[in-house]
Amino acid sequence: MNREETLVKNVQTVQAALSAACHKSGRNPQEITLLAVTKYAQDQDVLTLLQKGLIKHVGESRVQQAQARWTSPVFASFHTVKHFIGHLQKNKAAKAAQLFDFIDSLDDLQTAQTLAKAVPAGKTLRVLVQVKLTDKQTQSGLPLEEARRLAAQLKNLPGLKVCGYMAIAPQGAPQEQLRQLFRTVKQAFDADFSPTEERYLSLGMSEDFETAVEEGSSLPRIGSKLFAENLEGL
Ligand SMILES: *Cc1c(COP(=O)(O)O)cnc(C)c1O
């Protein structure tokens, strides 16, 4: 298989797994948006999938690097929805407000205020509040109840539209614990965001997206399963 065939097969494998997770949990696959995490991917690989129309939502975790890529003419010529998924430093917020369509990893009010001030006129920057699912100091995000308070505060900020929660599962957590954590976030999401509004619940990465989708994720973030050389053994 050449590289192009490998990439296409990776997308098909992920799509099939998403469909299976939907089938298993009685969900409509139309509710799921695949967020292709392109942060570690080669330019040529990302272009291949864009040219084939196989990805539309893309995720980056470094503002500088994302700006270099997505403002270059060839990348800018594709209609993409750009998500910031990393830790946003306050001094990069203004730049991020211009480049991205979504900030999926918001976890403090000051940064939100900086973003709101920098959003270009006529643009609505969609934001998700990041929920922290571990006690680890190094992990970004806010404990669930604080995340919910921040989401409520953001509803009044002009230029921003808060539309859900994002969370990263603790590495190596047993399946049942994972499910329970995802379920807790989903319950808060349902209580705080009405299905009649535009809303997103971003749970799940390459290693746990099937469980996440079974538990209600609508925006799984997938990097290595799409771009890895060879899925065998991943
Ligand atoms: C890198 C990253 C991902 C993608 O991880 P994979 O395991 O490669 O799918 C998803 N979410 C966030 C927040 C990331 O930083």
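Bear in mind that the values here come from a model prediction, so they are computed numbers and not experimental data.

### Considering the side chain of Thr6
Alright, step 1. Relative to the helices and strands, Thr6 is located in helix α1 (residues 3-25).
Alright, step 2. Relative accessible area serves as the criterion here: at 11%, Thr6 is assigned to the buried category.
Alright, step 3. Residues within four places of Thr6 in sequence aside, it is in contact with Met1, Ala228 and Glu229.

### A few points about the pairing of strand β4 (residues 102-106)
Look at any regular strand and the pattern is simple: side chains alternate between the two faces of the sheet.
Alright, step 1. Most of β4 sits inside the fold, with five of its five residues counted as buried.
Alright, step 2. Note that strand β3 (residues 81-84) and β4 share two bridges and pair parallel. Counterpart to Phe84 in the pairing with β4 is Ile103.
Alright, step 3. Here β4 runs beside strand β5 (residues 125-132); their pairing, made up of three bridges, is parallel. Note on β5: the bridge partner recorded for Ile103 is Val127.
Alright, step 4. In this fold, β4 hands off to helix α6 (residues 109-118), which returns the chain to β5; that crossover is right-handed.

### Structural notes on the nonpolar core
What tends to happen in soluble globular proteins is that the nonpolar side chains get buried as a cluster.
Alright, step 1. The biggest cluster of nonpolar side chains holds 68 residues, and the ones touching the most others in it are Ile103, Leu115, Leu154, Leu160 and Tyr165.
Alright, step 2. It is α1 that provides the largest number of residues to this core, a total of seven residues.
Alright, step 3. Here Leu160 is in contact with Ala112, Leu115, Ala116, Val119, Thr124, Leu125 and Val127, once residues within four sequence places are set aside.
Alright, step 4. If you look at the next biggest cluster of nonpolar residues, it comprises ten residues, including Ile85, Leu128, Met166 and Leu219.

Calculation rules
- Residues numbered from 1 in each chain as written.
- Predicted model: local features only at pLDDT ≥ 70, side-chain atom pairs only at ≥ 80, totals over all residues.
- Heavy atoms only, no water.
- Helix = DSSP H or I, 4+ residues; strand = E, 2+ residues; numbered from the N terminus.
- Buried < 20%, exposed > 50% of the residue type's maximum accessible area, 1.4 Å probe, protein only.
- Contact = heavy atoms within 4.5 Å.
- Pairing = 2+ DSSP bridges.
- Right-handed = clockwise from strand over helix to strand, strands pointing away.
- Core = buried A, V, L, I, M, F, W, Y, C linked by side-chain atoms within 4.5 Å.

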